[in-house]
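Listed below are the residues making up each chain.
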Amino acid sequence: MLTSVPPSPEALAEPAAVEPPVRSRLRVLDLLRFVAALGVVLFHFGETRAWGTPNAFPALSAVTMFGVYGVRLFFMISGFVILMSAWGRSTGEFAASRIARLYPAYWASVIVLGVLALAGLITDHRPTLSELLANLTMLQHGLRVRDLEVVYWTLWQELVFYVLVGCFAAIGITYRRCLGFLAGWVFLLLVAERLDVSFLKVVLVQFSAPYFIAGMALFLIYRFGGSLLPWLFVAVAWVLALVQLLGEHPAALERFGEATGSALVVGVISLIFLVMCLVAVGRLDGLDWRWFTVLGALTYPLYLFHHHIGFLLIQWLHPVLGNRVTLPVVVLAVLGVAYLVYRLVEVPLGPRLKTALARSLRADAGKA
């Protein structure tokens, strides 16, 4: 007679790694990424000194100034998507996918902006050869070298986050381990702030951590359903984000006054959290139009190229066309540049780079 064997306490303590569901593309995230990028574009174009005056659009800038918080939305989407991407993958597979995704368009932007700078077409700084070389690695922050372009600072935040997730993937990502990972991250953030430990602040990406944490927790809700602990992490991340942001004395406080400005900042950040919560619980699943994928594809090259090229175009065109015509023309122009980079650089080079990296990971096959 066959007898059943009760499971061991160790088996009950931690469930086996669960394979993620088939990765159906969440097109609503493509839309949100594009909205975030467009917000950053309008913020930069509204504030740039290329107009020759800080008040080129006094009424419009009261709205576009909040486009700077599009970066926060980027980070939250990244927390959601990167955890989804890393689930069930080895560290090497995860790293290969991220390198192939980030570097082709980035290398193109460094080369193009470097050529423009060498030709004297600069925004505020002519880079040296060492700065150009350091920027090609995307590791310039670690080398304490100036960014070639103002938007590159967020890429360091993303890289450090990818390293954290890659280390996590090495031990195997599970639901319970995710909860422990997030708890440890929050605790160490508080220790770093309390003791003013610079090393921890860098490793834990203090600036963007609340949004990465919220995005990861929301993916757990999306993947496994809502339960208390993931929602608590979302709430804690929301509090950390607001405490951090209000402590920076944002520009809205100067423009609208302490009370109104604070309310507006809290409202914008809360709206970002709310929208991502709606994504996690499936309330925005109906936003699934195919052309959102195109918008998502334009987001990264648009983010990389818009500032420098937009600055130059505004500087050249606004004396001829006037401010009101120049702004939409330049927005359309940088969208066109983003599309060309996507089609001519990312589409052909991304898959080839990913294949080459995957082959390199297997270079020892049969030779051990």
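A quick note: this is a predicted structure, and the numbers were derived from the prediction, not measured.

A. Highlighting the overall build of the protein. Of regular secondary structure, the protein possesses 15 helices and zero strands. A compact globule built from 368 residues would reach a C-alpha radius of gyration of about 21 Å, and the protein, at 22 Å, matches this within 12%. Principal-axis analysis of the C-alpha atoms gives the protein an extent of 90 × 60 × 45 Å. Residues classed as buried in the protein amount to 47% of the 368 residues present. Pairs at least 24 apart in sequence give 78% of the contacts found in the protein among residues at least 6 apart. Summing over all exposed atoms, the protein offers an accessible surface of approximately 18,500 Å²; the carbon and sulfur share of this is 68%. Of note, the protein has its 27 positive side-chain charges centred 7 Å away from the centre of its 20 negative side-chain charges.

B. Spotlight on the packing of helix α4 (residues 70-86) against helix α13 (residues 258-280). Following both chains from N to C, one finds α4 and α13 inclined at 25 degrees, their axes separated by 10 Å at the closest point. As far as their axial angle goes, α13 and α4 are roughly parallel. Regarding α4 and α13, the two cross each other, and that crossing is right-handed. Seen from α4, the contacting residues are Arg72, Leu73, Met76, Ile77 and Phe80; seen from α13, they are Ile269, Ile272, Phe273 and Met276.

C. Seen up close, the pattern of salt bridges. Across all of its chains, the model carries five salt bridges by this definition. A salt bridge links Arg72 to Glu248; the nearest nitrogen and oxygen atoms lie 3.5 Å apart. Residue Arg72 is found in helix α4, and its partner Glu248 is found in the loop between α11 (228-247) and α12 (251-256); the two are separated by 176 residues along the sequence. According to the relative accessible area criterion, Arg72 is buried, its value standing at 5%. Residue Arg101 is joined to Glu346 by a salt bridge in which the shortest nitrogen-to-oxygen separation is 2.9 Å. Linking Arg101 in helix α5 (residues 91-118) with Glu346 in helix α15 (residues 323-361), this pair joins segments that are 245 residues apart in sequence. According to the relative accessible area criterion, Arg101 is partly exposed, its value standing at 28%. Owing to a relative accessible area of 11%, Glu346 belongs among the buried residues under this scheme.

D. Just the packing of aromatic side chains, in detail. Per the stated rule, a full pass over the model turns up 27 aromatic pairs. Ring centres of Trp51 and Phe57 lie 5.0 Å apart, and the angle between their planes is 85 degrees; on these two criteria the pair is classed as edge-to-face. The class of Trp51 is buried, set by a relative accessible area of 3%. Chaining the aromatic ring pairs together yields one cluster made of Phe75, Phe94, Trp153, Phe161, Tyr162, Phe168, Phe181, Trp185, Phe207 and Phe212. The aromatic ring of Tyr162 is capped on one face by Arg98, whose charged end is 5.7 Å from the ring centroid. Here the guanidinium or amino end of Arg223 rests over the ring plane of Phe224, the centre of that ring lying 4.6 Å away.

Rules behind the numbers
For every chain, the first residue of its written sequence is number 1, and the numbers climb from 1 along that sequence. Residues qualify for local features only when their pLDDT is at least 70, as the model is predicted, and side-chain atom pairs are given and counted only at 80 or more; totals for whole chains, interfaces and linings, by contrast, use all residues. With hydrogens and water set aside, each side-chain value is computed from the structure's full complement of heavy atoms. By the criteria applied, helices consist of DSSP H or I runs no shorter than four residues and strands consist of E runs no shorter than two, each listed in order from the N terminus. Put simply, the radius of gyration uses C-alpha atoms, and a globule should come to 2.2 Å times the residue count raised to 0.38. Only protein chains enter the calculation, and the probe is 1.4 Å; a residue is then buried if its accessible area is under 20% of its type maximum, exposed if over 50%, and partly exposed in between. Contacts: residue pairs with any heavy atoms within 4.5 Å of one another. Only the protein chains shown count as cover for residues, and all accessible areas are computed by the Shrake-Rupley method using a 1.4 Å probe. His residues and chain termini do not enter the charge count, which takes Lys and Arg as positive and Asp and Glu as negative. One atom stands in for each charge, and that atom is NZ of Lys, CZ of Arg, CG of Asp or CD of Glu. What counts as an axis is a line fitted to C-alpha atoms, over the stretch in contact for a helix, and the angles between N-to-C directions run from 0 to 180 degrees. Comment on the angle field: the value is read as roughly parallel under 35 degrees, roughly antiparallel over 145, roughly perpendicular from 65 to 115, and oblique elsewhere. Left-handed describes a crossing in which the near helix is turned anticlockwise from the far one by less than a right angle; the clockwise case is right-handed. Put simply, a salt bridge is a Lys or Arg side-chain nitrogen that is within 4 Å of an Asp or Glu carboxyl oxygen. Any pair of Phe, Tyr and Trp rings, taking the six-membered ring for Trp, is counted once the centres come within 6.5 Å. Such a pair is stacked with planes under 30 degrees apart, edge-to-face with planes over 60 apart, and tilted for the rest. Two conditions define a charge located above a ring, namely a distance within 6 Å from the ring centre to NZ of Lys or CZ of Arg, and an angle within 35 degrees of the ring normal.

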